[in-house]
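Geometric and topological summary
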Amino acid sequence: MSYRSDPSADLFSADSRRTFYEAHPSIALFMLLVVLAAPFAGLYVAGLLGVVVGVLVSAAAYVLTPCFWKWIGG
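Quick look at the structure, then.

The rules behind each value
Residues numbered from 1 in each chain as written. Predicted model: local features only at pLDDT ≥ 70, side-chain atom pairs only at ≥ 80, totals over all residues. Heavy atoms only, no water. Salt bridge = Lys/Arg side-chain N within 4 Å of Asp/Glu carboxyl O. Helix = DSSP H or I, 4+ residues; strand = E, 2+ residues; numbered from the N terminus. Buried < 20%, exposed > 50% of the residue type's maximum accessible area, 1.4 Å probe, protein only. Arc of directions from axis to C-beta. Contact = heavy atoms within 4.5 Å.

Another point: the pattern of salt bridges. Tallying each qualifying case throughout the model produces 2 salt bridges. Residue aspartate 15 is joined to arginine 18 by a salt bridge in which the shortest nitrogen-to-oxygen separation is 3.7 Å. Of the two residues, aspartate 15 and arginine 18 are both situated in helix H2 (residues 14-23); the distance of 3 residues between them amounts to about one turn of the helix. Assessed through its relative accessible area of 51%, aspartate 15 is described here as exposed. Arginine 18 sits in the partly exposed class, given a relative accessible area of 43%. Residue glutamate 22 is joined to arginine 18 by a salt bridge in which the shortest nitrogen-to-oxygen separation is 3.6 Å. With glutamate 22 and arginine 18 both in helix H2 and 4 residues apart, the pair spans about one turn of that helix.

Now the structure itself:
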């Protein structure tokens, strides 16, 4: 049984994310703002539960942005 690397799984690796954000510094800056601001926005809107949701949303955005960028053809 041979092991083949799944190309879609490679999109979620730390190395591919680092490469993506190094190649797109403006998107990296935007994601930094999203990651830092989302928990505070959640705190303002919904209290402590909003902080948890904000952290989850910012983490998902950080991980999924390279996949979304590839999907839209960027």
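The next point concerns H2. What H2 keeps buried is the set Arg17, Phe20 and Tyr21. Buried residues of H2 fall within an arc of 90° about the axis and therefore sit on the same side. Residues of H2 that are exposed and angled more than 90 degrees away from the buried face: Asp15, Glu22 and Ala23. Those residues of H2 that are buried lie in contact with helix H3 (25-46) and helix H4 (48-71).

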